[in-house]
Amino acid sequence: MKIRKSLLLLIAAIAIGALSYPPQWYPMPLRLQLTRWFGAADYRPLPLSMDPQVLDAETFCPEDASGWREAQVIDGVSVTRSAPCVADNPYAVAAFVKGTNNVSKDTLLRSGLTSDAVEKGRDLDGDGDPDEIHIRLEVAELNGGSSVTQRPVTSYDIAPGIQPGMWVFAPKLVGMAVENFETGIARDALRLPSPAIRVEQGDSITITLENSHYMPHTLHLHGADHGFVDSSGEGNDGVPITSEIPVMPGHARSYELQPRHAGTMFYHCHVQPHVHVLMGLQGLFVVEENRPNNWLQTMNVGAGLVRAPSAAVRESYDQEYDLHYLDLDKDLGERIRKYRDPRLITQSMHREYDITDADVDFFTLNGRSFPYTFRESLLVAAEGERLKLRVVNGGAKGISLHTHGHKFSVTDRDGVRLSPATIVPQDVVWIPTAQRVDLDLFLTNDGLHSYGRGIWLYHDHQNKGVTNDGIGPGGNISAIVYADYIDDSGWPKTQGVPWNQYFTKEYYRKEIPIWESYAPGLFSNTVSDPWWYPRLAGMALALAMLAALSIAALRRRSS
């Protein structure tokens, strides 16, 4: 009797499982055999499309309530207009030009900098500009963890809802690291990338790293002319295995240089560089050609437009831009939120993280990914203008930089001028990790240098580089925008698809169809199979019955 009941239960379990199992999941030979036995199945219509979601999109172009975008003269410093909708603090620009020790109290207060952030001293050669420069940098963490809140601390979005953990060098600031305690958003000067630094050829430069972080760090002046040791005989190259002990938390260290060669260089931390550099501790380091009365914008926070260009640049160019490319591995960045103990973070990042098995997920231009790149990193100019672009690839992967509608010329590579015979127009340049290129971009409508006015993209032509964790458009996409193609708020007058979905977290969380905004219904999400949950329940019941039979059989055997 028990065997008969067990057999009936087994048959019932198989029947329930077979009826619950979706026919489209059957192996093809079984489906063909069932068709021969029972005939073809009835036509099953495709599932219906879901109604498009109503998304709460962010404001594309935040209001410039402080008037930072406008051209202005501050403490005698001419700060040019910034056309895109998000601009650098012009008071900080003025303080970087004059020196934080030389500006008015009002300018210093509005800049948010300390009085010793960038000190400028004597004019040693009598040419009208200071030749003694002392720069102070701190180390800050963005999107880190906390024991009192689940949200990222000192939060910084590279794109809607995307907050990878990172470290940055930052100018020395006064006050809190965040705008206010309620939002927890990092203040404007505390951001990716680390600021571009500008010094003049032949000047006496001191850079002090005040390590405000919980890990040791150094400063390596990659490509810049500097001695192996400083004037006191201490290591000056920033490399712990050959030059010096790293700057420990709470300590400071000064680096000295008097560069003889002008060009576009690079600076970064050299402690465990496979981690620290790719966490964001890197920036452009520009040595400008010596000129009389050459007051430099010593730091360019966030890179982008140089609002107070050097005398040498003004001789040949209408505008100058810094373009800093960096890719980020979200697995690496998440480790600073996972733990609250520096010992565990160090163990996780420096011993358990294996960069040889790693990949990158986010691709940034000047610290942002699309669509935020359109707020800050547009190249805005008028027809006929000439632009100088200083480009660095700080990421783990090479980039294939491509411009639409224009051809540029590579004039310098790694801070060295190229032979005139090798300088030719091109629209793609390969930039390996840590390499710098200087580009001349002519907006001359001759069919070669430019195809005419419009909104022309520039981006990495590798497919990964134009996505945010695999969803596109994203990554380092930005545009060359002609002056009559941008509105008064700083937003380009695009003529393509609606952008609302790109300014939502849901889009980059992969929750909505990519073409729903302009092809509703055609490419929308499908309505779920109404029989899915009953089928799931049936399969669960069948498995439970089989489990019960197995347990009963084992008990009979053991008895």
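In what follows, the accompanying structure is described. (Residues numbered from 1 in each chain as written. Predicted model: local features only at pLDDT ≥ 70, side-chain atom pairs only at ≥ 80, totals over all residues. Heavy atoms only, no water.)

1. Quick notes on the sheet that holds strand 16 (residues 379-381)
The test is simple: A pair of strands is labelled paired if DSSP reports no fewer than 2 bridges between them. Only runs of H or I of at least four residues qualify as helices and only runs of E of at least two qualify as strands under DSSP, and these elements are numbered from the N terminus. With axes taken as lines fitted to C-alpha atoms, and helix axes fitted only over the stretch in contact, angles between N-to-C directions fall between 0 and 180 degrees.
Read across the open sheet, the five strands follow the order 16-25-24-18-22; overall the sheet is mixed. Every interior strand has two partners, whereas the edge strands, strand 16 and strand 22 (428-431), have only one. Here the strands of the sheet are splayed against their neighbours by 15° on average, with no regard to which way each runs. Strand direction decides the pairing type here: strand 16 and strand 25 (residues 478-482), joined by three bridges, are parallel. Looking at strand 25, one finds that Ala 381 is bridged to Tyr 482.

2. Regarding the pattern of salt bridges
The line we're drawing: Each salt bridge in this description consists of a side-chain nitrogen of Lys or Arg and a carboxyl oxygen of Asp or Glu lying within 4 Å of one another. In this scheme, a residue with accessible area under 20% of its type's maximum is buried, one over 50% is exposed, and one in between is partly exposed, where area comes from a 1.4 Å probe on protein chains only.
A complete count under the given rule lists 32 salt bridges for this structure. Arg 260 serves as the salt-bridge partner of Asp 225, at 2.6 Å between the closest nitrogen and oxygen. Taken together, the positions of Asp 225 in the loop between strand 8 (220-222) and strand 9 (252-257) and Arg 260 in the loop between strand 9 and strand 10 (263-268) put the pair 35 residues apart, joining distant regions of the chain. Judged by its relative accessible area of 66%, Arg 260 falls in the exposed class.

3. Observations regarding the environment of Ala 224
The line we're drawing: We call two residues contacting when some pair of their heavy atoms lies within 4.5 Å.
Checked against the element boundaries, Ala 224 lands in the loop between strand 8 and strand 9. Owing to a relative accessible area of 7%, Ala 224 belongs among the buried residues under this scheme. C-alpha separation for the pair Ala 224 and Val 286, spaced 62 residues apart in sequence, amounts to 8.4 Å. What Ala 224 contacts, discounting residues up to four positions off in sequence, is Leu 257, Met 265 and Phe 285.

4. Details of a nonpolar patch on the surface
Stated precisely, the cut-off is as follows: Patch definition: residues above 30% relative accessible area lacking any salt bridge, with like charges linked at up to 9 Å and the nonpolar side chains Val, Leu, Ile, Met, Phe, Trp and Tyr linked at up to 5 Å. Working definition of accessibility: Shrake-Rupley area with a 1.4 Å probe, residue cover restricted to the visible protein chains.
On the surface, a cluster of nonpolar side chains totalling about 660 Å² of accessible area is made up of Leu 7, Leu 8, Leu 10, Ile 11, Ile 14, Leu 543 and Leu 546. Residue assignment for the nonpolar patch shows that the elements contributing at least two residues are helix 1 (2-20) and helix 12 (532-558). With respect to the element layout, Leu 8 can be found in helix 1. Here Leu 8 falls in the exposed class, since its relative accessible area comes to 54%.

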